[in-house]
Amino acid sequence: MLHILNLLKGDIGLIGLAVMGQNLILNIADHGFTVVAFNRTVEKVHSFLANEAKGKRIIGAESIADLASKLKAPRRIILLVKAGPAVDSFIDQLLPHLEKGDIIIDGGNSEYQDTERRSKDLAVKGIRFVGSGVSGGEEGARYGPSLMPGGNKEAWPYIKDIFQSIAAKADGQPCCDWVGNDGAGHFVKMVHNGIEYGDMQLIGEVYHLMLALGISQEEMANTFAEWNKGELDSFLIDITKDILKYKDTDGQYLLPKIRDTAGQKGTGKWTAIAALNYGIPVTLIGEAVFSRCLSALKDERQNASKVLPGPNAKFSGDKKKFLEEIRQALYASKIVSYAQGFMLLREAAKVHNWELDYGAIALMWRGGCIIRSVFLGQIKKAFDKDPNLKSLLIAPFFLDALTKAQTGWRNVVATGVTLGIPTPALATALAFYDGYRSERLPANLLQAQRDYFGAHTYELLGQEGKFVHTNWTGHGGNVSASTYIA
Ligand code: NBP
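Quick caveat, the model's predicted, so the values are computed rather than measured.

Caption draft 1: View of unusual backbone geometry. The linkage connecting alanine 73 with the following residue, proline 74, adopts the cis geometry, with an omega of -10 degrees. As for its position among the elements, proline 74 is in the loop between helix H4 (64-69) and strand E4 (76-79). For threonine 457, which is not a glycine, the phi torsion comes out positive at approximately 70 degrees. With respect to the helices, strands and loops of the structure, threonine 457 is situated in the loop between helix H20 (443-454) and strand E10 (458-459).

Caption draft 2: Representation of empty space enclosed by the protein. Throughout the structure, instances matching the rule amount to three cavities of 30 Å³ or more. Approximately 80 Å³ is the volume found for the largest cavity. If you trace the largest cavity, you find 13 residues lining it, with Asp199, Ile203, Ser234, Ile237 and Lys334 closest to the centre. Contributions of two or more residues to the lining of the largest cavity are made by helix H9 (184-213), helix H11 (235-245) and helix H15 (319-352). Each residue belonging to the lining of the largest cavity can be placed in one class, and the counts come to nine nonpolar, one polar and three charged. Each pocket or cavity is described by its volume, and for the second largest cavity that value is around 50 Å³.

Caption draft 3: Main features of the packing of aromatic side chains. Following the criterion strictly, the structure yields 19 aromatic pairs and no others. The interplanar angle of 70 degrees and the centroid separation of 5.9 Å between the aromatic rings of tyrosine 331 and phenylalanine 375 together place this pair among those described as edge-to-face. One end of the pair, tyrosine 331, is in helix H15; the other, phenylalanine 375, is in helix H17 (residues 375-385), and 44 residues separate them in sequence. Across this residue pair, the class does not change: tyrosine 331 and phenylalanine 375 are buried. Through successive ring pairs, a cluster of aromatic residues spans Tyr331, Tyr338, Phe375, Phe397 and Phe398. A cation sits over an aromatic face here: lysine 247 above tyrosine 253, 5.0 Å from the ring centre. A cation sits over an aromatic face here: arginine 292 above tyrosine 197, 3.7 Å from the ring centre.

Caption draft 4: A look at the site of the ligand. Residues in close proximity to the ligand total 19 residues, the closest being Met20, Asn39, Arg40, Thr41 and Lys44. The contact in question runs from an oxygen atom of the ligand to an N or O atom on the backbone of methionine 20, over 2.9 Å. Between the ligand and threonine 41 there is a distance of 2.4 Å, counted from an oxygen atom to a side-chain nitrogen or oxygen. Contact with the protein chains hides 74% of the accessible area of the ligand, taken as 900 Å² for the molecule alone. For the shell around the ligand, the secondary structure elements donating two or more residues are helix H2 (19-30) and helix H5 (85-94). Each residue belonging to the shell around the ligand can be placed in one class, and the counts come to 10 nonpolar, six polar and three charged.

Caption draft 5: Layout of the packing of H9 against helix H13 (residues 283-296). At their nearest, the axes of H9 and H13 sit 8 Å apart, and the two run at 70 degrees to each other. Considering the angle they form, H9 stands roughly perpendicular to H13. The way H9 lies across H13 gives a crossing that is left-handed. Residue-level inspection shows Gly194, Ile195, Tyr197, Gly198, Met200, Gln201 and Leu202 of H9 in contact with H13, the latter providing Leu284, Ile285, Ala288, Val289, Ser291 and Arg292. The class makeup of the residues in the contact of H9 with H13 is eight nonpolar, four polar and one charged.

Caption draft 6: Just the nonpolar core, in detail. Judged by nonpolar contacts, the single largest core of 88 residues is most densely connected at Phe187, Phe342, Leu345, Trp365, Ile379, Leu392 and Trp409. Looking at this core, the element that brings in the most residues is H15, giving 17 residues. In contact with leucine 392, other than residues within four places in its own chain, are Tyr338, Ala339, Phe342, Ile379, Ala382, Phe383 and Phe398.

Caption draft 7: Representation of the pairing of strand E6 (residues 128-135) in the model. Burial of E6 is extensive: eight of the eight residues sit out of reach of the surface. Side-chain alternation along E6 places Arg128, Val130, Ser132 and Val134 on one buried face and Phe129, Gly131, Gly133 and Ser135 on a second face that is also buried. Read as a crossover between parallel neighbours, the route from strand E5 (residues 103-106) over helix H6 (residues 112-124) to E6 is right-handed. When E6 meets strand E7 (residues 146-151), the two strands line up antiparallel, connected through six bridges. Across the sheet, residue serine 132 finds its bridge partner in E7, namely proline 149.

So, how was this worked out
- Residues numbered from 1 in each chain as written.
- Predicted model: local features only at pLDDT ≥ 70, side-chain atom pairs only at ≥ 80, totals over all residues.
- Heavy atoms only, no water.
- Helix = DSSP H or I, 4+ residues; strand = E, 2+ residues; numbered from the N terminus.
- 1 Å grid on protein atoms, 1.4 Å probe; cavity = no way out; pocket = protein on both sides within 12 Å on 5 of 7 lines; lining within 4 Å.
- Points joined across faces, edges and corners; volume = space filled by probe spheres on them.
- Nonpolar A, V, L, I, M, F, W, Y, C, P; charged D, E, K, R; others polar.
- Phe/Tyr/Trp six-rings, centres within 6.5 Å; stacked < 30°, edge-to-face > 60°.
- Buried < 20%, exposed > 50% of the residue type's maximum accessible area, 1.4 Å probe, protein only.
- Lys NZ or Arg CZ within 6 Å of the ring centre and 35° of its normal.
- Near = heavy atom within 4 Å.
- Polar contact = N/O pair within 3.5 Å; in protein donor to acceptor, adjacent residues only side chain to side chain.
- Areas by Shrake-Rupley, 256 points an atom, 1.4 Å probe, with all protein chains shown as cover.
- Axes fitted to C-alpha atoms, helices over the stretch in contact; angles between N-to-C directions.
- Parallel < 35°, antiparallel > 145°, perpendicular 65-115°, else oblique.
- Left-handed = near helix turned anticlockwise from the far one by under 90°.
- Contact = heavy atoms within 4.5 Å.
- Core = buried A, V, L, I, M, F, W, Y, C linked by side-chain atoms within 4.5 Å.
- Right-handed = clockwise from strand over helix to strand, strands pointing away.
- Pairing = 2+ DSSP bridges.

Laid out in structure tokens, this is it:
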């Protein structure tokens, strides 16, 4: 009897009928599952049922209680609402209507520490909580997103089938797998978004350099189209080509008319904050976030452009050769950015005891999401070959690519400096590369300075772990500090 009743019920519920929620429901329904839809403003449920959802395996709910009563056990409910208090509010409203073993999935862009908290709090109440990264925007949600679920692993067998069937596929495999405990899924999504910031910034700098070369917008579009056939083949390069080609109703290119200030929703900033908290030099994403902040200072920049002098230089080399060097610089910087992102994942995994599968993460990003690219297939191969790989930079494939690119990369950064074109992401990537490959860095001087002004002690080469203090001036004391950290 219970079995028959269950058959008449929905397979999964979804709360939040904005752009992501509606499209994900349609995607789930297309894959043969019955979805029960609910939204805070209930009129949106009616309108959705009467329009987009008409004739599909989609049932409406008038209230949370109604939603809960229409779902099979154990209940599976996806939240796709604005990240923050709205998620906690819906969890609180759901709890009185749920039973032990039911599953709540937060598919929004929640902060991973919120997901950690919710996962732990709900586990105590017997509710299995999943925080899942969902990437790919509207199009991805509708036809195949990249999904990064983490949280209470007991939930995975109950949602795996639905998640892997609606996810994007790359090389025939779903871009979705279990990521790890508690906040792991949202952490991986956050790093994905940070990398997206980095990729976009790099392309923006390349566009800026192309403008300085004085080539036509059509030539730029053709160059991106060409690049998209090779090792840079990716969604972002492809859409950049389309954007460059796009003409407004007046027949003029639209791009130059768009205001040069970029906004942000916060996930790039969160990645940079996490990098600082974990002490991992994710410099490229940091520069990408700061570049958006600098772009937002439009009025100040306008004023400064009238008074601050630049180099007054023009590009005078071989444009075709330089365009190829730009391509190499972009590719090499992208390798550095992903290497930094995976370093951050590794450190967070260590701190949180997450057993992250880096090859599987690369596959999750390989299709469906904004950073999807052929390049991620190479990252997957590198981690599949050596799951303990310390850095992507030293994986044979990327080592070879960096070796080939470095001369052009250096020339691009140097040319940017000479022409006064800011290339913060391309330049920080190169600085990181040079820092990472340096056996010796000037931090010995830094150690000495800290000991000089604050008696912080230092280690001598070959005597690691032994901290000594020097009375540098002859009139300081011989006591070393233990509290103040500069
Ligand atoms: P929004 O982020 O715009 O959220 C809209 C939904 O949140 C509506 O259902 C709205 O209900 C509900 N909501 C709000 Br706003 N405040 C609420 C509150 N205080 N209590 C309860 N419900 C509230 O929708 P979205 O763009 O579809 O994104 C959904 C989630 O997916 C977000 O976390 C977003 O960051 C994430 N995401 C978005 C994208 C994208 O491309 N848009 C991509 C990947 C992830 P109402 O209808 O009653 O106002």
